[in-house]
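# Structure assessment
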Amino acid sequence: MSEEQTNFKVTDRRLFNADGTPRELSPDEQPAPSPAPSPAAPAGGDSASTITSSEPSVSAGVSPAKTASASSESAQAREESAIPDVDNPASFINFAMTIASNAASSLGMMEHPATGKRGVDLELAKHWIDVLGMLQHKTGGNLILEEEQILEGWLADLRMQYVSLTSTAASKAPRPYTGRDIIGGK
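Everything in this summary refers to the structure shown in the same document. Given the structure is predicted, the values throughout are model-derived calculations rather than measurements.

## Considering the side chain of glutamate 147
Take glutamate 147: it is sitting in helix 5 (residues 145–172). Although glutamate 147 is buried, it forms no salt bridge, and the closest oppositely charged side chain is arginine 159 at an N-O distance of 17 Å.

What follows is the structure, encoded as C-alpha cells:
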C-alpha cells in the first residue's frame, strides 16, 4: 500500500500584525466578491430567450476587474439595505459604530478623528470595548439579525486586538524587583 503525501497551504488571514499595525494584503488574499444572484426565468415561455445576465460579459469590452467591483458594490448595497435607518445618523448601528470607532482609535487601529494621529491607550480602549459589550448584552434579543452580526463582529475584532496588544505589552514590561532578587532567591 503506497502512502500518498498531501500538501497543505496555510494562509494567515489576520488583518493585523503581531505589533498591532494593519497588515498589507496581497492581491490573492483580497476577499472574493460574492456572485450576484441571476434573475429567475418566468414560468411560461422559452427559458433560453428570457434569461438575461445582470453583469456585462468580458467579451463586451468590460474588464473582469470592473465586473468584480460592480458586483461587490451591489452586494454592499444589498447588505446596507437590510439594516433599517442605515442613513439616519441617530440609528442604532451608527451609534454602535461611533463607540466601535472610539475603541479602534484607542487601539491604534485607525487614526484619531480629531488629531489625525494613531496612538494606543489600552485603558480607554478597554472602556469603549466594555461599553460596546454592555450595549450588546442590554439589547440582546431586540436587534435584527444583521445588527447582531455586525455588533458581534466588531466586538470580536476589537477584543482580539486588545488581547494582542496587552499580551505584547505585558511581555515587554520590566519585572519589578522582589525580596528574592535582593537576597539571592533563598
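## So, the packing of helix 3 (residues 92–106) against helix 4 (residues 122–138)
Put simply, helix 3 and helix 4 touch, their axes get as near as 7 Å, and they point 155° apart. Comparing their axes, helix 4 and helix 3 come out roughly antiparallel. As helix 3 packs across helix 4, the resulting crossing turns out to be left-handed. For the pair helix 3 and helix 4, the contacting residues are Phe92, Phe95, Ala96, Ile99, Ala100, Asn102, Ala103 and Ser106 in the first and Leu124, Ala125, Trp128, Ile129, Val131, Leu132 and Leu135 in the second. Looking at side-chain class alone, the contact of helix 3 with helix 4 contains 13 nonpolar, 2 polar and no charged residues.

## Description of helix 3
With 15 residues, helix 3 should reach 21 Å at 1.5 Å per residue; the first-to-last C-alpha distance of 21 Å fits that figure. When we look at burial in helix 3, the residues that qualify are Ile93, Asn94, Ala96, Ile99, Ala100, Ala103, Ala104, Ser105 and Ser106. Buried-residue contacts for helix 3 involve helix 4 and helix 5. Backbone geometry just after helix 3 places glycine 108 at a positive phi near 80°.

## Overview of the packing of helix 3 against helix 5
Remark: helix 3 packs on helix 5, axes separated minimally by 11 Å, with the N-to-C direction vectors making an angle of 5°. By the criterion of interaxial angle, the relationship of helix 3 to helix 5 is roughly parallel. Between helix 3 and helix 5, the residues in contact are Phe92, Ile93, Ala96, Met97, Ala100, Ala103 and Ala104 and Glu147, Ile150, Leu151, Trp154 and Leu158, respectively.

## Considerations on the pattern of salt bridges
A full pass over the atoms with the stated rule returns 1 salt bridge. For the salt bridge of lysine 126 with aspartate 130, the shortest nitrogen-to-oxygen distance reads 2.9 Å. Pair noted here: lysine 126 and aspartate 130 are both in helix 4, with a separation of 4 residues, about one helical turn. Judged by relative accessible area, which is 38%, lysine 126 ranks as partly exposed. For aspartate 130, a relative accessible area of 42% gives the class partly exposed.

Rules of the game
Residues numbered from 1 in each chain as written. Predicted model: local features only at pLDDT ≥ 70, side-chain atom pairs only at ≥ 80, totals over all residues. Heavy atoms only, no water. Helix = DSSP H or I, 4+ residues; strand = E, 2+ residues; numbered from the N terminus. Buried < 20%, exposed > 50% of the residue type's maximum accessible area, 1.4 Å probe, protein only. Lys, Arg positive; Asp, Glu negative; His and termini not counted. Salt bridge = Lys/Arg side-chain N within 4 Å of Asp/Glu carboxyl O. Axes fitted to C-alpha atoms, helices over the stretch in contact; angles between N-to-C directions. Parallel < 35°, antiparallel > 145°, perpendicular 65-115°, else oblique. Left-handed = near helix turned anticlockwise from the far one by under 90°. Contact = heavy atoms within 4.5 Å. Nonpolar A, V, L, I, M, F, W, Y, C, P; charged D, E, K, R; others polar. Expected span 1.5 Å × (residues − 1).

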